[in-house]
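Chain and residue survey
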Amino acid sequence: MRNQVGALEFLGSFVDQFPEVGLPEIAFAGRSNVGKSSALNCLLNRKKAARVSSTPGRTQLINLFRVGKGCVFADLPGYGFARVPDSVQSNWKGMIENYLGGRDTLRLVVLLVDARRDPTRLDGELIAGLRAANIPFLVVATKIDKLKRSQQAKHIAQIRKGFQLKTEQLVPFSSMTGSGKDQVWDKIEQACVA
Ligand code: GTP
Ligand code: MG
């Protein structure tokens, strides 16, 4: 599937009434500004398939990308950005829950967390929801390039412990350097054929 990234098609931005594509789908979720769109671009070898911004809350709709004839990537809006009003936050939450609960073709949720930060409540709630709904997920600890090598293992261990993850459910990652990219693709490809 990773060899089909050359044939990328943007399918559009959606709130609901998602198109039926009939391909396995991988969703990228996580807090606002954590680096979801960057991770997606990194995996797709693109600079700007998905819009990246230093302003949190840039991705406000669910953006779908078809990766050749292999799979679909869904770039979800980030949650937990303090500076948006509660009404907007709850809209986003509703949109994401509606998507996660109703998307038959969803095979894997790639949950991005910041490798430098302690596990947050909102991430924990999402993981609990995914576990309850039996939706396979992978936690990707991104921006690992911002940690000194000597600090990386400690942070990864904290995240694993905080979310009670199995070793294979957590990948250290950087969109900047591409570190962890092959491992994430391995998981995506496994999920698509499962
Ligand atoms: P929203 O759509 O607003 O929720 O944000 P997002 O999660 O899609 O984050 P986005 O990819 O737009 O990245 C946010 C900021 O983090 C940008 O300034 C990126 O350049 C930066 N960034 C993302 N990933 C990495 C990474 O792995 N390393 C470093 N150093 N910076 C990163
Ligand atoms: Mg984004």
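Details of the structure are given in the entry above.
Analysis parameters
- Residues numbered from 1 in each chain as written.
- Chains lettered and ligands numbered in written order.
- Predicted model: local features only at pLDDT ≥ 70, side-chain atom pairs only at ≥ 80, totals over all residues.
- Heavy atoms only, no water.
- Helix = DSSP H or I, 4+ residues; strand = E, 2+ residues; numbered from the N terminus.
- Buried < 20%, exposed > 50% of the residue type's maximum accessible area, 1.4 Å probe, protein only.
- Polar contact = N/O pair within 3.5 Å; in protein donor to acceptor, adjacent residues only side chain to side chain.
- Contact = heavy atoms within 4.5 Å.
- Core = buried A, V, L, I, M, F, W, Y, C linked by side-chain atoms within 4.5 Å.
- Pairing = 2+ DSSP bridges.
- Expected span 1.5 Å × (residues − 1).
- Arc of directions from axis to C-beta.
- Phe/Tyr/Trp six-rings, centres within 6.5 Å; stacked < 30°, edge-to-face > 60°.
- Salt bridge = Lys/Arg side-chain N within 4 Å of Asp/Glu carboxyl O.

**Points about the side chain of D114**
- One can find D114 in strand β5 (residues 106-114).
- When its relative accessible area of 9% is taken as the criterion, D114 is described as buried.
- Separated by 2.8 Å, the side chains of D114 and R116 make a polar contact.
- Those residues in contact with D114, other than ones at most four positions away along the chain, are V34, T142, K143 and I159.

**A look at the nonpolar core**
- Within the largest apolar cluster, 35 residues are counted, with the highest numbers of intra-cluster contacts made by I62, L76, Y99, L100, V109 and V139.
- Sorting elements by how many residues they give to this core places helix α2 (residues 86-102) first, with five residues.
- Counting residues in hydrophobic clusters, the runner-up holds 26 residues, among them L43, F65, W185 and I188.

**Describing unusual backbone geometry**
- For N45, which is not glycine, the phi torsion reads 55° and is therefore positive.
- Relative to the helices and strands, N45 resides in the loop between α1 (36-43) and β3 (62-67).
- With a relative accessible area of 52%, N45 lands in the exposed category.
- Residue Q164 is not a glycine yet carries a positive backbone phi of 55°.
- Inspection of the secondary structure puts Q164 in the loop between α4 (149-162) and β7 (170-172).

**Overview of the pairing of β3**
- For β3, a buried count of five out of six residues is recorded, marking the element as mostly surrounded by other parts of the structure.
- Pairing geometry for β3 and strand β4 (residues 71-75), over five bridges, is antiparallel. Bridging across to β4, F65 finds its partner in F73.
- If you look at the hairpin formed by β3 and β4, you'll find three residues sitting between the two strands, and G68 has a positive phi there, around 55°.

**Observations concerning α1**
- Burial runs high along α1: seven of the eight residues are buried.
- Residues of α1 that are buried include every one of K36, S37, A39, L40, N41, C42 and L43, and no others.
- Residues of α1 that are buried in the fold lie against β2 (25-30), β3, β4, β5 and α5 (181-193).
- Positive phi shows up at N45, right after α1, with a value of about 55°.

**Some words on α2**
- If you check α2, its first and last C-alpha atoms are 24 Å apart, about what 17 residues at 1.5 Å a residue would give, namely 24 Å.
- Here α2 has its buried residues at W92, M95, I96, Y99 and L100. Down the axis, α2 shows its buried residues gathered within 125° of arc, on one side only. When the buried face of α2 is taken as reference, the exposed residues oriented beyond 90 degrees from it are D86, N91, G101 and G102.

**What about the packing of aromatic side chains?**
- Within this structure, the stated rule accounts for five aromatic pairs.
- Here a set of aromatic residues connected by ring pairs shows up, and it is made of F14, F18 and Y99.

**Let's talk about the pattern of salt bridges**
- What the rule picks out here adds up to seven salt bridges.
- Taking the shortest distance from any N to any O, the salt bridge between R2 and E189 comes out at 2.8 Å. Of the two residues, R2 is situated in the segment before β1 (8-14) and E189 in helix α5; the sequence distance between them amounts to 187 residues.
- Measuring nitrogen to oxygen at the nearest pair gives 2.9 Å for the salt bridge that ties R103 to E25. With R103 in the loop between α2 and β5 and E25 in strand β2, the pair connects residues that are 78 residues apart, well separated along the chain. With respect to class, R103 is no different from E25; both count as buried.
- One continuous salt-bridge network, built from bridges that share partners, spans R2, D182, D186 and E189.

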